[in-house]
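# Structural overview for review
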Amino acid sequence: MRYQHIVILTGAGISAESGIKTFRAADGLWENHRIDDVATPEAFERDPALVHTFYNQRREQLLLPDIQPNAAHEALARLEQHFAGQFLLVTQNIDNLHERAGSQNLIHMHGELLNLRCTTSGQVFPHQGPVMPDARCGCCDQHGTLRPDIVWFGEMPMQMELIYDALEACDLFISIGTSGHVYPAAGFVEIANSVGAETVEINLEPSKTQSAFDRHIYGPASREVPLFVE
Ligand code: BV8
(Lines give C-alpha, C1' and ligand atoms only; values in the text may rest on other atoms or scores of the structure.)
Protein backbone atom coordinates (compact mmCIF):
# COMPACT_ATOMS: atom_id res chain seq x y z
CA MET A 1 0.00 0.00 0.00
CA ARG A 2 1.36 3.46 -0.88
CA TYR A 3 0.93 5.87 2.00
CA GLN A 4 -0.20 9.46 1.45
CA HIS A 5 0.22 10.96 4.93
CA ILE A 6 2.75 9.84 7.55
CA VAL A 7 2.91 11.07 11.17
CA ILE A 8 5.86 10.00 13.28
CA LEU A 9 6.15 10.43 17.07
CA THR A 10 9.54 10.10 18.74
CA GLY A 11 10.55 9.91 22.40
CA ALA A 12 13.73 9.75 24.46
CA GLY A 13 14.60 6.28 23.12
CA ILE A 14 15.57 7.64 19.69
CA SER A 15 18.28 9.80 21.29
CA ALA A 16 19.51 7.15 23.76
CA GLU A 17 22.22 5.83 21.39
CA SER A 18 23.40 9.40 20.86
CA GLY A 19 24.29 9.43 24.56
CA ILE A 20 21.29 11.35 25.94
CA LYS A 21 19.71 9.74 29.00
CA THR A 22 16.10 8.61 28.75
CA PHE A 23 13.68 9.26 31.59
CA ARG A 24 12.71 5.83 32.80
CA ALA A 25 15.89 3.81 32.27
CA ALA A 26 17.66 2.38 35.31
CA ASP A 27 20.04 5.35 35.40
CA GLY A 28 17.51 7.66 33.77
CA LEU A 29 16.96 11.38 34.19
CA TRP A 30 14.22 10.95 36.75
CA GLU A 31 16.62 8.72 38.71
CA ASN A 32 18.30 11.76 40.25
CA HIS A 33 15.33 14.08 40.30
CA ARG A 34 11.63 13.77 41.07
CA ILE A 35 9.35 15.12 38.35
CA ASP A 36 7.68 17.32 40.98
CA ASP A 37 11.00 18.90 41.91
CA VAL A 38 12.22 19.93 38.46
CA ALA A 39 9.55 19.55 35.74
CA THR A 40 6.39 21.34 36.93
CA PRO A 41 5.43 25.05 37.09
CA GLU A 42 5.07 24.66 40.87
CA ALA A 43 8.67 23.38 41.08
CA PHE A 44 9.87 26.45 39.16
CA GLU A 45 7.85 28.75 41.39
CA ARG A 46 9.24 27.04 44.51
CA ASP A 47 12.90 26.73 43.51
CA PRO A 48 13.87 28.39 40.21
CA ALA A 49 17.59 27.89 40.97
CA LEU A 50 17.18 24.08 41.18
CA VAL A 51 15.14 23.99 37.97
CA HIS A 52 17.56 26.24 36.08
CA THR A 53 20.46 24.05 37.29
CA PHE A 54 18.66 20.90 36.06
CA TYR A 55 18.17 22.40 32.58
CA ASN A 56 21.59 24.10 32.47
CA GLN A 57 23.18 20.68 33.08
CA ARG A 58 21.11 19.03 30.31
CA ARG A 59 21.88 21.91 27.91
CA GLU A 60 25.60 21.60 28.64
CA GLN A 61 25.45 17.83 28.01
CA LEU A 62 23.53 18.26 24.74
CA LEU A 63 26.18 20.69 23.44
CA LEU A 64 29.06 18.27 24.08
CA PRO A 65 30.91 17.42 20.80
CA ASP A 66 30.29 13.66 21.17
CA ILE A 67 26.52 14.13 21.25
CA GLN A 68 25.55 13.63 17.60
CA PRO A 69 22.40 12.52 15.75
CA ASN A 70 22.40 8.74 15.23
CA ALA A 71 21.35 6.54 12.28
CA ALA A 72 17.71 6.64 13.41
CA HIS A 73 17.54 10.47 13.28
CA GLU A 74 19.26 10.38 9.87
CA ALA A 75 16.89 7.72 8.49
CA LEU A 76 13.85 9.86 9.42
CA ALA A 77 15.38 12.87 7.65
CA ARG A 78 15.91 10.73 4.52
CA LEU A 79 12.35 9.41 4.70
CA GLU A 80 11.03 12.98 4.82
CA GLN A 81 13.15 13.97 1.81
CA HIS A 82 12.09 11.07 -0.36
CA PHE A 83 8.45 10.75 0.66
CA ALA A 84 6.14 12.34 -1.90
CA GLY A 85 3.10 12.69 0.43
CA GLN A 86 2.43 14.65 3.62
CA PHE A 87 5.01 14.10 6.40
CA LEU A 88 5.05 15.35 9.99
CA LEU A 89 7.57 14.46 12.69
CA VAL A 90 6.36 15.17 16.24
CA THR A 91 8.98 14.77 18.94
CA GLN A 92 8.55 14.69 22.71
CA ASN A 93 12.29 15.30 22.93
CA ILE A 94 13.73 18.68 23.78
CA ASP A 95 17.11 17.97 22.18
CA ASN A 96 18.05 19.29 18.71
CA LEU A 97 19.18 16.02 17.13
CA HIS A 98 16.31 15.73 14.62
CA GLU A 99 17.03 19.17 13.11
CA ARG A 100 20.76 18.47 13.12
CA ALA A 101 20.05 15.26 11.14
CA GLY A 102 18.12 17.35 8.57
CA SER A 103 14.47 16.90 9.61
CA GLN A 104 12.38 19.93 8.58
CA ASN A 105 8.66 19.41 9.14
CA LEU A 106 9.19 18.94 12.87
CA ILE A 107 7.19 19.88 15.97
CA HIS A 108 8.75 19.90 19.45
CA MET A 109 5.53 19.32 21.40
CA HIS A 110 7.35 19.56 24.75
CA GLY A 111 9.51 22.53 23.79
CA GLU A 112 13.23 22.96 23.12
CA LEU A 113 16.09 22.77 25.61
CA LEU A 114 18.18 25.37 23.73
CA ASN A 115 15.48 28.04 23.91
CA LEU A 116 14.33 30.30 26.75
CA ARG A 117 11.01 32.06 27.22
CA CYS A 118 10.24 35.38 28.90
CA THR A 119 7.44 34.80 31.42
CA THR A 120 6.33 38.42 30.99
CA SER A 121 6.08 38.69 27.20
CA GLY A 122 6.05 35.00 26.18
CA GLN A 123 8.84 35.80 23.73
CA VAL A 124 11.13 32.85 22.91
CA PHE A 125 14.83 33.17 22.08
CA PRO A 126 17.96 31.00 21.94
CA HIS A 127 19.80 30.55 25.26
CA GLN A 128 23.19 32.23 25.60
CA GLY A 129 24.92 29.97 28.12
CA PRO A 130 23.89 28.80 31.61
CA VAL A 131 20.83 30.65 32.96
CA MET A 132 20.98 32.16 36.45
CA PRO A 133 17.66 32.59 38.32
CA ASP A 134 18.07 36.37 38.48
CA ALA A 135 19.31 36.73 34.90
CA ARG A 136 18.21 39.91 33.14
CA CYS A 137 15.75 39.28 30.33
CA GLY A 138 16.67 40.87 27.00
CA CYS A 139 13.08 41.69 26.04
CA CYS A 140 11.55 43.18 29.20
CA ASP A 141 14.79 44.24 30.92
CA GLN A 142 13.59 42.64 34.15
CA HIS A 143 15.47 40.13 36.30
CA GLY A 144 14.24 36.62 37.06
CA THR A 145 11.59 36.46 34.34
CA LEU A 146 13.39 33.85 32.18
CA ARG A 147 12.29 30.18 32.11
CA PRO A 148 13.26 27.20 29.94
CA ASP A 149 11.03 27.03 26.83
CA ILE A 150 9.92 23.59 27.98
CA VAL A 151 6.41 22.16 28.52
CA TRP A 152 6.28 20.95 32.13
CA PHE A 153 3.79 18.47 33.60
CA GLY A 154 0.41 20.17 33.91
CA GLU A 155 1.19 22.55 31.03
CA MET A 156 -0.34 22.43 27.56
CA PRO A 157 1.95 20.87 24.95
CA MET A 158 2.75 23.00 21.90
CA GLN A 159 1.01 23.11 18.52
CA MET A 160 -1.60 20.53 19.51
CA GLU A 161 -4.10 21.76 16.87
CA LEU A 162 -1.58 21.09 14.08
CA ILE A 163 -0.73 17.69 15.56
CA TYR A 164 -4.37 16.61 15.90
CA ASP A 165 -5.13 17.75 12.33
CA ALA A 166 -2.22 15.66 11.02
CA LEU A 167 -3.21 12.61 13.09
CA GLU A 168 -6.80 12.80 11.83
CA ALA A 169 -5.54 12.81 8.23
CA CYS A 170 -2.77 10.22 8.46
CA ASP A 171 -2.71 6.74 6.97
CA LEU A 172 0.51 5.66 8.70
CA PHE A 173 1.49 6.45 12.32
CA ILE A 174 4.90 5.35 13.59
CA SER A 175 5.90 5.68 17.26
CA ILE A 176 9.64 5.42 17.97
CA GLY A 177 11.50 5.25 21.30
CA THR A 178 8.76 6.18 23.72
CA SER A 179 7.48 4.33 26.78
CA GLY A 180 3.91 5.55 26.29
CA HIS A 181 3.66 6.93 29.83
CA VAL A 182 3.03 10.60 29.11
CA TYR A 183 -0.19 12.08 27.72
CA PRO A 184 -1.39 13.48 25.39
CA ALA A 185 1.46 11.94 23.27
CA ALA A 186 0.66 8.40 24.47
CA GLY A 187 -2.90 8.82 23.17
CA PHE A 188 -1.89 9.68 19.58
CA VAL A 189 -2.00 6.03 18.49
CA GLU A 190 -5.71 5.84 19.41
CA ILE A 191 -6.48 8.82 17.15
CA ALA A 192 -4.54 7.20 14.29
CA ASN A 193 -6.44 3.94 14.87
CA SER A 194 -9.76 5.81 14.88
CA VAL A 195 -9.11 7.11 11.34
CA GLY A 196 -8.00 3.70 10.05
CA ALA A 197 -4.29 4.44 9.82
CA GLU A 198 -1.75 1.65 10.04
CA THR A 199 0.08 2.01 13.39
CA VAL A 200 3.64 0.80 14.03
CA GLU A 201 5.63 0.80 17.28
CA ILE A 202 9.44 0.73 17.04
CA ASN A 203 11.01 0.52 20.49
CA LEU A 204 13.58 -1.34 22.56
CA GLU A 205 10.75 -3.13 24.38
CA PRO A 206 6.93 -3.10 24.40
CA SER A 207 5.59 0.29 25.54
CA LYS A 208 2.68 0.86 27.87
CA THR A 209 0.42 1.31 24.84
CA GLN A 210 1.84 -1.55 22.75
CA SER A 211 -1.54 -3.32 22.45
CA ALA A 212 -2.93 -0.36 20.46
CA PHE A 213 -0.43 -0.84 17.60
CA ASP A 214 -0.95 -2.97 14.46
CA ARG A 215 2.75 -3.77 14.12
CA HIS A 216 5.66 -3.99 16.56
CA ILE A 217 9.39 -3.82 15.86
CA TYR A 218 11.63 -4.26 18.89
CA GLY A 219 15.33 -3.46 18.93
CA PRO A 220 17.67 -0.44 19.08
CA ALA A 221 16.36 2.50 17.03
CA SER A 222 19.70 3.05 15.27
CA ARG A 223 19.30 -0.43 13.72
CA GLU A 224 15.54 -0.82 13.34
CA VAL A 225 14.59 2.63 12.01
CA PRO A 226 17.00 2.59 9.01
CA LEU A 227 15.81 -0.96 8.22
CA PHE A 228 12.18 0.15 8.40
CA VAL A 229 12.76 3.29 6.30
CA GLU A 230 14.70 1.50 3.53
C1 BV8 B 1 -1.06 18.03 29.94
C2 BV8 B 1 9.69 18.14 29.00
C3 BV8 B 1 -3.09 19.16 30.16
C4 BV8 B 1 10.34 18.19 30.34
C5 BV8 B 1 8.04 16.44 29.31
C6 BV8 B 1 -1.71 15.34 37.03
C7 BV8 B 1 -1.50 16.70 36.91
C8 BV8 B 1 -1.22 17.31 35.69
C9 BV8 B 1 -1.12 16.53 34.56
C10 BV8 B 1 -1.31 15.17 34.69
C11 BV8 B 1 -1.60 14.56 35.90
N12 BV8 B 1 -1.73 13.23 35.70
C13 BV8 B 1 -1.50 12.96 34.39
C14 BV8 B 1 -1.28 14.12 33.77
C15 BV8 B 1 -0.98 14.31 32.40
C16 BV8 B 1 0.53 14.36 32.30
C17 BV8 B 1 1.03 12.95 32.23
O18 BV8 B 1 0.84 12.30 31.23
N19 BV8 B 1 1.65 12.48 33.32
C20 BV8 B 1 2.15 11.13 33.34
C21 BV8 B 1 3.43 11.08 34.18
C22 BV8 B 1 1.06 10.23 33.89
N23 BV8 B 1 0.82 15.08 31.09
C24 BV8 B 1 1.01 16.41 31.14
O25 BV8 B 1 1.06 17.05 32.16
C26 BV8 B 1 1.13 17.08 29.79
N27 BV8 B 1 0.24 18.19 29.75
O28 BV8 B 1 -1.61 16.98 30.16
O29 BV8 B 1 -1.71 19.21 29.89
C30 BV8 B 1 -3.58 20.49 29.93
C31 BV8 B 1 -4.71 20.63 29.14
C32 BV8 B 1 -5.19 21.88 28.92
C33 BV8 B 1 -4.55 22.98 29.48
C34 BV8 B 1 -3.42 22.83 30.27
C35 BV8 B 1 -2.91 21.58 30.50
C36 BV8 B 1 2.51 17.63 29.56
C37 BV8 B 1 3.52 16.51 29.58
C38 BV8 B 1 4.86 17.06 29.13
C39 BV8 B 1 5.85 16.96 30.26
N40 BV8 B 1 7.17 17.31 29.76
N41 BV8 B 1 9.20 16.80 28.79
C42 BV8 B 1 11.72 17.67 30.26
O43 BV8 B 1 12.08 16.99 29.27
O44 BV8 B 1 12.46 17.94 31.22
S45 BV8 B 1 7.65 14.80 29.35
C46 BV8 B 1 9.07 13.90 29.22
O47 BV8 B 1 8.76 12.62 29.71
C48 BV8 B 1 9.50 13.67 27.80
O49 BV8 B 1 9.35 14.79 26.99
C50 BV8 B 1 8.63 12.54 27.36
O51 BV8 B 1 7.41 12.99 26.88
C52 BV8 B 1 8.38 11.85 28.67
C53 BV8 B 1 9.30 10.67 28.71
O54 BV8 B 1 8.75 9.77 27.88
P55 BV8 B 1 9.66 9.02 26.81
O56 BV8 B 1 10.14 9.99 25.81
O57 BV8 B 1 8.84 7.89 26.37
O58 BV8 B 1 10.93 8.52 27.60
P59 BV8 B 1 11.00 7.25 28.54
O60 BV8 B 1 12.32 7.27 29.20
O61 BV8 B 1 9.76 7.18 29.36
O62 BV8 B 1 10.96 6.02 27.52
C63 BV8 B 1 12.03 5.83 26.62
C64 BV8 B 1 11.64 4.61 25.80
O65 BV8 B 1 12.66 4.40 24.82
C66 BV8 B 1 11.53 3.34 26.61
O67 BV8 B 1 10.34 2.66 26.26
C68 BV8 B 1 12.76 2.52 26.20
O69 BV8 B 1 12.48 1.14 26.13
C70 BV8 B 1 13.02 3.04 24.81
N71 BV8 B 1 14.43 2.99 24.42
C72 BV8 B 1 15.52 3.15 25.21
N73 BV8 B 1 16.63 3.02 24.45
C74 BV8 B 1 16.23 2.78 23.18
C75 BV8 B 1 14.83 2.76 23.15
N76 BV8 B 1 14.12 2.53 22.03
C77 BV8 B 1 14.82 2.33 20.89
N78 BV8 B 1 16.17 2.33 20.84
C79 BV8 B 1 16.90 2.56 21.95
N80 BV8 B 1 18.24 2.55 21.88
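Since this is a predicted model, take the numbers as computed values, not measurements. (Residues numbered from 1 in each chain as written. Predicted model: local features only at pLDDT ≥ 70, side-chain atom pairs only at ≥ 80, totals over all residues. Heavy atoms only, no water.)

### Focus: the layout of surface pockets
Keep this limit in mind: Of the two site types, the cavity is a set of points on a 1 Å grid over the protein atoms alone where a 1.4 Å probe fits but cannot get out, and the pocket is an open set with protein on both sides within 12 Å along at least five of seven lines, each lined by residues with an atom within 4 Å of a point. Grid points are joined across faces, edges and corners, and a volume is the space filled by probe spheres set on the points. Runs of H or I in DSSP of at least four residues are treated as helices and runs of E of at least two as strands, each being numbered from the N terminus. Each residue receives one of three labels: charged for Asp, Glu, Lys and Arg, nonpolar for Ala, Val, Leu, Ile, Met, Phe, Trp, Tyr, Cys and Pro, and polar for the others, Gly being one of them.
Within this model, the second largest pocket holds a volume of roughly 200 Å³. Lining the second largest pocket are Arg-2, Tyr-3, Ile-6, Leu-79, His-82, Phe-83, Ala-84, Leu-172, Ile-174, Arg-215, Phe-228 and Val-229. For the lining of the second largest pocket, the secondary structure elements donating two or more residues are α6 (71-82), β7 (172-176) and α10 (221-229). Taken together, the residues of the lining of the second largest pocket break down into 9 nonpolar, 1 polar and 2 charged.

### Let's talk about the packing of α6 against α10
Rules: Here an axis means a line fitted to C-alpha atoms, over the contact stretch when the element is a helix, while the angle between two N-to-C directions is reported on a 0 to 180 degree scale. Angles are sorted into four bins: roughly parallel if under 35 degrees, roughly antiparallel if over 145, roughly perpendicular if 65 to 115, and oblique for all others. We call a crossing left-handed when the near helix sits turned anticlockwise from the far one by less than a right angle, and right-handed when that turn is clockwise. Only heavy atoms enter the contact rule, under which two residues are in contact if any of them lie within 4.5 Å.
The geometry of α6 relative to α10 is characterised by a closest axis approach of 7 Å and an angle of 20° between their N-to-C directions. Judged by the angle between their axes, α6 and α10 are roughly parallel. At the point where α6 passes α10, the crossing takes the left-handed sense. Two secondary-structure elements touch here, α6 through Ala-71, Ala-72, Ala-75, Leu-76, Arg-78 and Leu-79 and α10 through Ala-221, Ser-222, Val-225, Pro-226 and Val-229. Taken together, the residues of the contact of α6 with α10 break down into 9 nonpolar, 1 polar and 1 charged.

### Comments concerning the domain arrangement of the protein
The criterion, for reference: Domain borders in the structure are assigned automatically or taken from a domain database. Values labelled buried area give the accessible surface lost by two parts on being combined, using a 1.4 Å probe and summing over both. One side-chain nitrogen of Lys or Arg within 4 Å of one carboxyl oxygen of Asp or Glu is enough to make a salt bridge. Counting of polar contacts relies on pairs of N or O atoms within 3.5 Å, with two restrictions inside protein: one atom must be capable of donating a hydrogen and the other of accepting it, and residues adjacent in sequence are counted only when both atoms are side-chain atoms.
Assigned domains of the protein: these are domain 1 (1-20 + 68-110 + 158-230) and domain 2 (21-66 + 113-150). Each partner contributes to the interface: domain 1 provides 17 residues, whereas domain 2 provides 15 residues. In this assembly, domain 1 packs against domain 2 so that about 1,200 Å² is buried in total across both faces, 57% of it on carbon and sulfur atoms. Linking domain 1 with domain 2 are 0 salt bridges, by the criterion used here. Our enumeration of links across domain 1 and domain 2 arrives at 5 residue pairs in polar contact (both at pLDDT 80 or more). Listing elements by their share of the side of domain 1 that touches domain 2, those giving two or more residues are α1 (13-16) and α7 (97-101). The class makeup of the residues in the side of domain 1 that touches domain 2 is 7 nonpolar, 8 polar and 2 charged.

### Points about the confidence of the model for the protein
Short version of the rule: Values of pLDDT, which run from 0 to 100, indicate the predictor's confidence residue by residue.
Here the protein averages 95 in pLDDT, and 99% of its residues register 70 or above. The ipTM for the predicted assembly is 0.94, set against a pTM of 0.96.

### Here we look at the pattern of salt bridges
Under the convention used in this document: To sort residues, take the accessible area from a 1.4 Å probe on protein chains only and compare it with the maximum for the residue type: under 20% means buried, over 50% means exposed, and anything in between is partly exposed.
In the structure shown here, the tally under the stated rule is 9 salt bridges. We note a salt bridge from Arg-34 to Asp-37, for which the minimum N-O separation is 3.0 Å. With relative accessibility at 26%, the residue Asp-37 sits in the partly exposed group. Two residues, Arg-136 and Asp-141, come together in a salt bridge whose shortest N-O distance is 2.5 Å. Residue class for Arg-136 comes out partly exposed when judged on its relative accessible area of 46%.

### Focus: the site of the ligand
Applied cut-off: A molecule or strand has a residue near it when one of that residue's heavy atoms lies within 4 Å. Accessible areas in this description were obtained via Shrake-Rupley with a 1.4 Å probe; residue shielding takes into account the shown protein chains only.
Around the ligand lies a shell of 33 residues, among which Arg-24, Arg-58, Gly-154, Ser-179 and Glu-205 are the nearest. Here a nitrogen atom of the ligand sits 2.8 Å away from a polar atom, N or O, in the main chain of Glu-155. Across the complex, the protein chains shield 74% of the 1,500 Å² of accessible surface that the ligand would expose by itself. Split into classes, the residues belonging to the shell around the ligand amount to 16 nonpolar, 12 polar and 5 charged. Here the shell around the ligand spans two domains, since at least three of its residues come from each of domain 1 (1-20 + 68-110 + 158-230) and domain 2 (21-66 + 113-150).

### Here's the deal with the sheet that holds strand β8 (residues 198-203)
In a beta sheet, neighbouring strands pair by backbone hydrogen bonds and run either parallel or antiparallel. Formally: When DSSP finds two or more bridges between a pair of strands, those strands are recorded as paired.
One open sheet accounts for 6 strands, arranged β3-β2-β1-β7-β8-β9; its pairing is parallel. Single-partner strands in this sheet number two, and they are β3 (106-108) and β9 (215-218). Across this sheet, the average inter-strand angle for adjacent strands is 15°, counted without regard to direction. Here 5 bridges tie strand β1 (residues 5-10) to β7, and the two strands are oriented parallel to one another. Counted as the bridge partner of Leu-9 is Ser-175 from β7. Sitting on the sheet, α6 touches β1, β2 (86-91) and β7, and the angle it makes with β2 is about 155°.

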